[in-house]
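# Remarks on the overall topology
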Amino acid sequence: MNATKTDLMQAPEFSVIIVNYNGGDYICAAVRSLAAQTFRNFEVIVLDNASTDGSADKIDFTGVPSAQLVRNADNLGFAAANNLGAHMATGRWLALLNPDAEAAPDWLEKIAAASRRHPDCRVFASAQYDMAHPDHIDGAGDAYLIFGLPWRGGFGHPASHMPAEGECFSPCGAAAIYDRTLFLEHGGFDERFFCYCEDVDLGFRMQLADERCIFLPDAIVHHMGSAITGKHSKFSAYHGTRNRIWTYAKNMPLLLLLLTLPVHIVLSIYLIFRNAFIGCFSATLRGTWDGLRKAMSIRRGTDWKTDPRKVPVWALSRTMAWNPHLLNSRAAHVRPVTGSKHVPSSNPNAEKEPPAQQTRVGKEA
């Protein structure tokens, strides 16, 4: 562990956690975007998962109020490394940022304002724009089809389709904000997942605990999605498929599980053959097999679980999408904020130019 800055005189409001694995020049740009933040009461914790590309040595923390670099001996995965960072953090809020993402200068400032606007909310989702094509959405929170399939809301849609402030199922781990105490109470991410769907799984567990997630259209990051692991790689196909099944099997209340299982099976078979067209048939098949093979033991276990009786089934079902067309079109699924007296902010990008892309240095990792 290398401390690169002196500690803040007071506990920071935010602990920004970045998990790096062969992030190349992306991780350097991510840290530079944090140095430019207008809100200054934060710390940065970078956890390097045994990168072999020298990217950890290139990180420059100049301009960051407080930072430390943790060099893990092995690749712990996204889930376990973030959990480690959460235990090290001293801020009230955990702000997760992918190494291939850059935060707008007022990212933390907008989140801080939202936390005052929604004092009873402990989970927030950022607005993500495609770094390579900033006139397109990368994500407006994560959505979840009641038949057991998650997706990144609004992915690939024009920037003018960015929804207004509202409630979504869960934040995308590329730019998620959690109350640190809440995150630790839930055990953080399920470390068995390694990476992929761990954010949806945690979001599901928090929905079961009646913790809502509010999407913030003005808390902006630019994300080069799957720049490191690969958009259609066998690695992502395997882990995404396996972990999707585990998320569904582990968290879905029994009544909804019985009602939705037939459709879930049909959709899973469809995805196996669809992925054959992108060269991931065998990886998806293996992910399906491993997901099913351990599904019941994960459901019966007590690790990284939340009692589904904490929230009524009907209330849980309202947080999910029911129309498969929303999944097929990758549409955003953001609902009006409930139980709040404020007026939701409007879409800051509709009918006007998309947000300016931040400077990105270097080539793709």
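Note: the structure precedes this text.
As the structure is a prediction and not an experimental result, all values here were calculated from the model.

### Regarding the environment of Gly225
- Here Gly225 is to be found in the loop between β13 (213-223) and α7 (234-251).
- Sequence separation between Gly225 and Asn98 is 127 residues, and the spatial gap between their C-alpha atoms is 9.2 Å.
- Beyond its immediate chain neighbours, meaning those up to four positions away, Gly225 contacts Asp100 and Asp138.

### Here's the deal with a nonpolar patch on the surface
- A cluster of nonpolar side chains, Leu261, Ile265, Ile269, Phe273, Phe281 and Leu285, forms an exposed patch at the surface whose accessible area comes to about 520 Å².
- Going through the elements one at a time, α8 (254-274) and α9 (281-300) are the ones with two or more residues in the nonpolar patch.
- Of the residues forming the nonpolar patch, the biggest block, 4 residues, is contributed by α8.

### Considering α9
- Here α9 is 20 residues long and its end C-alpha atoms lie 29 Å apart, about the 28 Å a rise of 1.5 Å per residue gives.
- Remark: the principal bend of α9, roughly 45°, maps to Lys294.
- For α9, the set of buried residues is Ala283, Thr284, Gly287, Thr288, Asp290, Gly291, Ala295, Ile298 and Arg299.
- The inward-facing, buried residues of α9 abut α7 and α8.

### Focus: the packing of aromatic side chains
- According to the stated counting rule, one finds 13 aromatic pairs in the structure shown.
- Measuring from centroid to centroid gives 5.9 Å for Phe78 and Phe189, while their planes differ by 35°, and the two rings are tilted. You can see Phe78 sitting in helix α3 (residues 77-88) and its partner Phe189 sitting in the loop between α5 (180-185) and α6 (198-208), a full 111 residues away along the chain. Note on accessibility: Phe78 and Phe189 belong to one class, buried.
- Through successive ring pairs, a cluster of aromatic residues spans Phe78, Tyr178, Phe183 and Phe189.

### So, α7
- Here α7 spans 26 Å end to end across 18 residues, near enough to the 26 Å set by a 1.5 Å rise per residue.
- Summarising burial for α7: 16 of the 18 residues are buried, a large majority.

### With respect to the packing of α7 against α8
- Remark: α7 packs on α8, axes separated minimally by 12 Å, with the N-to-C direction vectors making an angle of 175°. Here α7 is positioned roughly antiparallel relative to α8, judged by the angle of their axes. In this structure, α7 uses Arg244, Ile245 and Tyr248 to contact α8, whose residues at the interface are Leu257, Thr260, Leu261, His264, Ser268 and Leu271.
- Looking at the contact of α7 with α8 residue by residue, the class counts come to 5 nonpolar, 3 polar and 1 charged.

### Remarks on the nonpolar core
- In this structure, Val16, Leu34, Val44, Val46, Leu97 and Trp107 are the most contacted members of the largest nonpolar core, which totals 36 residues.
- For this core, the secondary structure elements donating two or more residues are β2 (14-20), α1 (24-35), β3 (42-49), β4 (67-72), β5 (93-96), β6 (101-103), α4 (107-117) and β13.
- With sequence-adjacent residues up to four places away left out, Val44 is seen in contact with Val16, Leu34, Phe61, Val64, Ser66, Ala67 and Gln68.
- Grouped together as the second largest cluster of nonpolar side chains are 34 residues, Met88, Ala89, Tyr129 and Met206 included.

### Here we look at unusual backbone geometry
- Despite not being glycine, Phe194 shows a phi value in the positive range, around 70°.
- Examined against the element boundaries, Phe194 turns out to sit in the loop between α5 and α6.
- Judged by its relative accessible area of 23%, Phe194 falls in the partly exposed class.
- With phi around 70°, Cys197 is a residue other than glycine that occupies positive phi space.
- Considering the arrangement of structural elements, one finds Cys197 in the loop between α5 and α6.

Quick notes on the rules
Residue indices begin from 1 for each chain and proceed along its sequence in written order. Where local features are concerned, this predicted model is filtered to residues with pLDDT of at least 70; where side-chain atom pairs are given and counted, the filter is 80 or more; whole-chain, interface and lining totals use all residues. Note: side-chain values were computed over all heavy atoms of the structure, leaving out hydrogens and water. By the criteria applied, helices consist of DSSP H or I runs no shorter than four residues and strands consist of E runs no shorter than two, each listed in order from the N terminus. Should any heavy atoms of two residues lie within 4.5 Å, those residues are counted as being in contact. Patch membership is restricted to residues that have no salt bridge and whose relative accessible area is over 30%. Joining uses 9 Å for like charges and 5 Å for the nonpolar side chains Val, Leu, Ile, Met, Phe, Trp and Tyr. Here the Shrake-Rupley method, with its probe set to 1.4 Å, supplies the accessible areas, and only the displayed protein chains count as covering residues. Each salt bridge in this description consists of a side-chain nitrogen of Lys or Arg and a carboxyl oxygen of Asp or Glu lying within 4 Å of one another. Each helix should span, by expectation, one fewer than its residue count multiplied by 1.5 Å. In this analysis the local bend is the angle between axes fitted, respectively, to the seven residues ending at and the seven residues starting at the residue. Residue burial is assigned from relative accessible area. The probe radius is 1.4 Å, only protein chains are included, and a residue is buried under 20% of its type maximum, exposed over 50%, and partly exposed in between. In this scheme Phe, Tyr and Trp rings, the latter by its six-membered ring, pair at centre separations within 6.5 Å, and the angle between planes marks the pair as stacked below 30 degrees, edge-to-face above 60, and tilted otherwise. Whenever a helix is involved, its axis is fitted only over the stretch in contact; in every case the axis is a line through C-alpha atoms, and angles between N-to-C directions fall within 0 to 180 degrees. Each angle receives one of four descriptions, namely roughly parallel if under 35 degrees, roughly antiparallel if over 145, roughly perpendicular if within 65 to 115, and oblique otherwise. Only Asp, Glu, Lys and Arg are considered charged in this grouping, and only Ala, Val, Leu, Ile, Met, Phe, Trp, Tyr, Cys and Pro are considered nonpolar; every other residue, Gly among them, is considered polar. To form a nonpolar core, buried Ala, Val, Leu, Ile, Met, Phe, Trp, Tyr and Cys residues must be joined to one another through side-chain atoms within 4.5 Å.

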